[in-house]
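# Residue-level structure breakdown
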Amino acid sequence: MKKHIYIYSPSGAVRDKAAFKRGIRRLQTLGHEVEVDEAALASHQRFAGDDATRLAAIHRAADSGADVALIARGGYGLTRLLPDIRYKKVAKAIDKGMLFVGMSDFTAFQSAVLAKTGAVTWAGPALGEGFGVDGTPDDIMEACFDDLLCGQGEGAGWRQSRLAAVNDTKIIADDADAIRAEGTFYVEDAVLWGGNLTVLSSLLGTPYFPKIKGGILFLEDVAEHPYRIERMLTQLLYAGVLKRQKAILLGQFTEFKLTPHDRGFNMTTVTQWLRQNVKAPVLTNLPYGHVPTKVLLPVGTKTDLSVDSRDVLLVWGHLSGGPQSSPKLPS
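Quick look at the structure, then. Computed from a predicted structure; not experimentally measured.

Within the protein chain, the secondary structure is distributed over nine helices and 14 strands. Considering the protein chain as a whole, with its 331 residues, one finds that 59% of them fall into the buried category. When contacts within the protein chain are restricted to residue pairs at least 6 apart in sequence, those whose partners lie at least 24 apart make up 78%. Counting only carbon and sulfur atoms, one obtains 48% of the accessible surface of the protein chain, whose full area is about 14100 Å².

Residue placement: Ser 104 occurs in the loop between strand 4 (99-102) and helix 4 (106-117). Under the relative-accessibility criterion, Ser 104 is labelled buried at 12%. Here the side chain of Ser 104 touches His 290 through a polar contact of 3.1 Å, side chain to side chain. Leave out the neighbours within four places in its chain, and Ser 104 touches Gly 75, Asn 196, Val 199, Glu 220 and His 290.

Here the focus is helix 1 (residues 17-29). Across its 13 residues, helix 1 extends 18 Å between first and last C-alpha, which sits within 8% of the 18 Å expected from 1.5 Å per residue. Along helix 1, the residues classified as buried are Ala 19, Phe 20, Gly 23, Ile 24 and Leu 27. Burial along helix 1 is one-sided: seen end-on, the buried residues are contained in an arc of 140°. Within helix 1, the exposed residues directed more than 90 degrees away from the buried face are Lys 21 and Thr 29. Its buried side turned inward, helix 1 meets strand 1 (4-8), strand 2 (33-36), strand 3 (68-71), helix 5 (127-131) and helix 6 (139-150).

Before going further, it helps to spend a moment on the sheet that holds strand 2. Taken together, the six strands give an open sheet; going across it, the order is 2-1-3-4-5-12, and neighbouring strands pair in mixed fashion. Unpaired on one side and paired on the other, strand 2 and strand 12 (297-299) mark the two borders of the sheet. Neighbour to neighbour, the strand axes of the sheet diverge by 30° on average, direction disregarded. Looking at chain direction, strand 5 (residues 121-123) and strand 12 are connected through three bridges and run antiparallel. Residue pairing across strands places Trp 122 opposite Pro 298, the latter belonging to strand 12.

Further remarks concern helix 3 (residues 87-95). Taken as a whole, helix 3 has its buried residues at Tyr 87, Lys 89, Val 90, Ala 93 and Ile 94. Considered in projection along helix 3, the buried side chains sweep an arc of 160° and stay on one side of the axis. Pointing more than 90 degrees away from the buried face of helix 3 are the exposed residues Lys 88, Lys 92 and Asp 95. Elements that come into contact with the buried residues of helix 3 comprise helix 2 (51-63), strand 4, helix 4 and strand 5. At the exit of helix 3 stands Gly 97, carrying a positive phi of roughly 115°.

Next up on the list: the packing of aromatic side chains. Under the definition given, this model contains seven aromatic pairs. Between Phe 47 and Tyr 76, the aromatic rings sit 5.8 Å apart at their centres with planes inclined by 50°, giving tilted as the arrangement. Of this pair, Phe 47 sits in the loop between strand 2 and helix 2 while Tyr 76 sits in the loop between strand 3 and helix 3, placing them 29 residues apart in sequence. Owing to a relative accessible area of 3%, Phe 47 belongs among the buried residues under this scheme. Note on Trp 193 and Phe 209: the rings are 5.6 Å apart at their centroids and 90° apart in plane angle, and the pair reads as edge-to-face. Here Phe 209 lies in the loop between helix 7 (197-202) and strand 9 (216-222) and Trp 193 lies in strand 8 (residues 184-196), a separation of 16 residues in the sequence. Comparing Trp 193 with Phe 209, the two get one shared label, buried. Counting every residue linked through ring pairs, the aromatic cluster contains Phe 100, Phe 106 and Phe 109.

By size, the foremost hydrophobic cluster in this structure holds 101 residues, and its most contacted members are Tyr 8, Phe 100, Leu 249, Leu 297 and Leu 305. When sequence neighbours within four positions are dropped, the list of residues in contact with Tyr 8 reads Asp 37, Ala 57, Ile 58, Ala 61, Ala 69, Leu 70, Ile 71, Ala 72, Phe 100 and Phe 106.

Before going further, it helps to spend a moment on the pairing of strand 2. Both strand 1 and strand 2 contribute to a ladder of four bridges, which runs parallel. By the bridge assignment for strand 2, Ile 7 is matched with Val 36. Of the crossover connections in this fold, the one passing from strand 1 over helix 1 to the parallel strand 2 is right-handed.

Along the chain, Asp 37 turns up in the loop between strand 2 and helix 2. Take Asp 37: its relative accessible area is 3%, and that puts it in the buried class. A distance of 2.5 Å separates a polar atom in the side chain of Asp 37 from a polar atom in the side chain of Tyr 6. Polar side-chain contacts of Asp 37 include one of 2.7 Å to the side chain of Arg 60.

With that out of the way, let us pick up the pattern of salt bridges. Under the counting rule described, the total for this entry stands at eight salt bridges. The shortest N-O distance in the salt bridge between Arg 60 and Asp 37 comes to 2.7 Å. Within this pair, whereas Arg 60 is found in helix 2, its partner Asp 37 is found in the loop between strand 2 and helix 2, the two being separated by 23 residues in sequence. One salt bridge in this structure joins Asp 63 and Lys 89, with 2.9 Å as the shortest N-O distance. Taken together, the residues span a long stretch of sequence, with Asp 63 in helix 2 and Lys 89 in helix 3 at a distance of 26 residues.

Here is what the cut-offs are and how they apply
- Residues numbered from 1 in each chain as written.
- Predicted model: local features only at pLDDT ≥ 70, side-chain atom pairs only at ≥ 80, totals over all residues.
- Heavy atoms only, no water.
- Helix = DSSP H or I, 4+ residues; strand = E, 2+ residues; numbered from the N terminus.
- Buried < 20%, exposed > 50% of the residue type's maximum accessible area, 1.4 Å probe, protein only.
- Contact = heavy atoms within 4.5 Å.
- Areas by Shrake-Rupley, 256 points an atom, 1.4 Å probe, with all protein chains shown as cover.
- Polar contact = N/O pair within 3.5 Å; in protein donor to acceptor, adjacent residues only side chain to side chain.
- Expected span 1.5 Å × (residues − 1).
- Arc of directions from axis to C-beta.
- Pairing = 2+ DSSP bridges.
- Axes fitted to C-alpha atoms, helices over the stretch in contact; angles between N-to-C directions.
- Phe/Tyr/Trp six-rings, centres within 6.5 Å; stacked < 30°, edge-to-face > 60°.
- Core = buried A, V, L, I, M, F, W, Y, C linked by side-chain atoms within 4.5 Å.
- Right-handed = clockwise from strand over helix to strand, strands pointing away.
- Salt bridge = Lys/Arg side-chain N within 4 Å of Asp/Glu carboxyl O.

Structure follows, in structure tokens:
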């Protein structure tokens, strides 16, 4: 199904022009009409143009009438723009059917849009790292993106890490929406939100941090040592954010380097620490993050979560009036 995809750069400057061009060609090969923002390849210091340029690009994307507004890349820069984004314009575009898709630094935009308007955006690929790879893009990522465009999907499924089975997970016993049997549990009608942990935690205490109670929080990060991951989780914990959630989904935490000084301290240590300090279930191995294989996730949508031992299913497509959604990932 041919769709109109608008490419824009609200964060870091596009340094890999070859990946940018490959991504456009790939989307065109898939049958889509690709429109590139006039400032998509702009450069100012580390940014894709100065603040005014990138802000204007966001608003042009919202005005484009495209089916999808897809970021060229992540990086850093969106937090500088949050006070000046015209959120009503963005929400109006979303209400008309536009799908804002991105990841990493895009978490700042998604969190602010959710906090200010309640509108749904999509955590998914960026142009370069998703479609512009040297070779064939990941087939699961492409299938999820295609199902998003076609409105054929209904959720995402995956298997937890073997050492992080649900039997080790604590559940809020008095929560009527969390039903637990031996090795299983179910959470109903919980808002899905989150994204990049570094970006999200940087928004804490600002008007752009969503105040979600009883939600499902998903997190990922890249090039952050596990102790830094734990430190940011500690910030969310002490601020009361984690205790207000019905479940926490840990995605992929990649590209960090352990040292002899760690002496066994790793992401498994962090996961165990987190489980000891929150009542909500902490689930692992969500296929999302700075990795080729990732599902697309609707930030701000009510979802149902079911777990049977290591098998996890997150569903939103069945909800009345729900947005178009991505497919299940086979377990």
